[in-house]
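# Architecture and fold: a report
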Amino acid sequence: MNINLNHIIDQVVKDKGIDRAVLVEALEAAVLSAANKKYRNTRDLEAHFNDEIGEVEVFEFVTVVDEVENSYQEIDITEAQEIDPDVEIGDSLGMKMDASSFSRIAAQTAKQVIIQKVREAEREGVYNEFKGRLGELVNGIVRRYERGDLIIDLGRTEALLPHREQVPRENYRQGDRVRAYISDVRMATKGPQIILSRTHPGLLIELFRIEVPEVAEGIVEIKAVAREPGSRAKIAVASNDPDVDPIGACVGMRGARVQNVVSELRGEKIDIINWTPDIARFACSALSPAEVTRVYVDSEEESLEIIVPDDQLSLAIGKKGQNVRLAAKLTGWKIDIMSETRAAEAELEELTGAGTEESAEADASAEQLSAMAAKDAIAAIKTAASPEEIARMAEGETRVTVLRASEARTAELTEAKSEEGDEGNADNADNADNADNADNADNADNADNADDAERME
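Cut-offs used in this document
Residues numbered from 1 in each chain as written. Predicted model: local features only at pLDDT ≥ 70, side-chain atom pairs only at ≥ 80, totals over all residues. Heavy atoms only, no water. Helix = DSSP H or I, 4+ residues; strand = E, 2+ residues; numbered from the N terminus. Buried < 20%, exposed > 50% of the residue type's maximum accessible area, 1.4 Å probe, protein only. Pairing = 2+ DSSP bridges. Axes fitted to C-alpha atoms, helices over the stretch in contact; angles between N-to-C directions. Contact = heavy atoms within 4.5 Å. Phe/Tyr/Trp six-rings, centres within 6.5 Å; stacked < 30°, edge-to-face > 60°. Lys NZ or Arg CZ within 6 Å of the ring centre and 35° of its normal. Core = buried A, V, L, I, M, F, W, Y, C linked by side-chain atoms within 4.5 Å. Salt bridge = Lys/Arg side-chain N within 4 Å of Asp/Glu carboxyl O.

### Focus on the environment of Asn274
Turning to its location among the elements, Asn274 is positioned in strand β12 (residues 269-274). Since its relative accessible area comes to 36%, Asn274 is described here as partly exposed. Put simply, Asn274 and Ser239 are 35 residues apart on the chain and 9.0 Å apart in space, counted from C-alpha to C-alpha.

Structure representation (structure tokens):
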């Protein structure tokens, strides 16, 4: 090989971005593979790259012996001393071989080894580069669709924008430019796989970091983000400098900064609110633009019960519950919203709950009766204790058999009650007779005593 490989190596390193040492190692491995193929792996060979002449040199190593038994790996002492006078028995002698005599097949093998090594080195370089860029934004060009997924050309490699990471309202055509968030980088069998996202909350954070210098410098900090991609988003910001308004910094002059972010997200609405460690105040801000009357905090369950004016209830909940859903994601707490009227009713029910316990049970029984089968309803009626309870249970009932059973049970209870009344009247009459007799007896005794007294006089 009389070609100086230094220029070729430098060019490949520049084009492919591969480390020079890796490429030199690939050349050495390729030439060694070709030499072993020529000599059918019968000799002890080594390949080394000579930087001075830009050539890969192949050396054959043999052991110096008195008597040669294996001519491929041993050499006679006399012959060895002709090459190196200082050699002794047992030394390993290296002799340079003519690599230009390799066959076409051996050269083809060397080429394949070089291509494979370069490709592996290139994949490893791409993986290491993008692994360190996890969480950054990248720009690319749409190349093609594959089963709903987008293949994005990033220059050095291609990335995947899965269907699940695409915003539903966004459509792309071949050749369109895309800005996306690097959500994952992993090594697959075919090389590094870079996963992009347009729905990740980190995309919103990185866009504000680009548009707002205060965020990039750390003066304004984005504390929390909640997104429903393509529709609406909320971000909570706080300032580390008391002289800097975090909301004003993110909005910009006449809304220019936030408008640039909205344009990149294809019209996604963004609410910017002040972050505060007080969860009650933070939740009130998260529900904006709705006004809040009262907030009840349950720290153990991490839940909030928020009372709003009646005319603000729909605004607080939002379209299909979107506003309260985003507020819950932003705060990380469970949020229940109630109107003032409903809250007052609930408080009244709690205050009068003890006094209306019986009526509540009766209402529950009536509701249960209407939901029962006819057989079960009749059985429930037979266990009723009073006609009033039967009347409540049968209210709204239309089934004839159930109505007859209720009438029969009512009659039975009424008759039993009247019999108890008659027995009570008889007992009272007996008591009255006994009392009269006792009075008469007392009167007679008193009369006898008076007569006796007169006689004695």
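### Considering the sheet that holds strand β10 (residues 220-228)
In spatial order, the strands read β10-β11-β12; together these three strands make up an open sheet with mixed pairing. Pairing within the sheet leaves two strands with one partner each, and these edge strands are β10 and β12. Shown here is a sheet whose adjacent strand axes are inclined to one another by a mean of 20°, direction ignored. Relative to β12, strand β11 (residues 232-239) runs parallel, the two being bridged by six bridges. By the bridge assignment for β12, Ala233 is matched with Ile270. Contacting β10, β11 and β12, helix α5 (residues 201-211) runs over the sheet at an angle of about 140° to β10.

### Some thoughts on the packing of aromatic side chains
Under the criterion given, the structure shown has zero aromatic pairs. Looking at Lys223, its charged tip hangs above the ring of Trp275, at a distance of 4.7 Å from the centre.

### Let's talk about the nonpolar core
Core analysis: the largest hydrophobic core is formed by 22 residues, its most contacted members being Leu204, Phe208, Ile270 and Ile272. Every element with two or more residues in this core is listed here: α5, β10, β11, α7 (246-251), α8 (256-264) and β12. In terms of residue count, α5 provides more of this core than any other element does, four residues in total. For Ile270, the residues in contact, after removing those within four places along its chain, are Leu204, Phe208, Ala233, Val258, Val261, Val262 and Leu265. In terms of nonpolar packing, the next biggest core, distinct from the first, is built from 20 residues, Ile279, Leu287, Val308 and Ala316 among them.

### Considering the pattern of salt bridges
Counted according to the given criterion, the structure contains 24 salt bridges. For Arg198, the salt bridge identified is with Glu170, shortest N-O distance 2.8 Å. Separated by 28 residues along the polypeptide, Arg198 in the loop between β9 (191-197) and α5 and Glu170 in the loop between β7 (158-161) and β8 (177-188) bring together distant segments of the chain. Each member of the pair Arg198 and Glu170 is classed as buried. What you see here is one network of salt bridges that share partners, running through Glu129, Arg133, Glu136 and Arg156.

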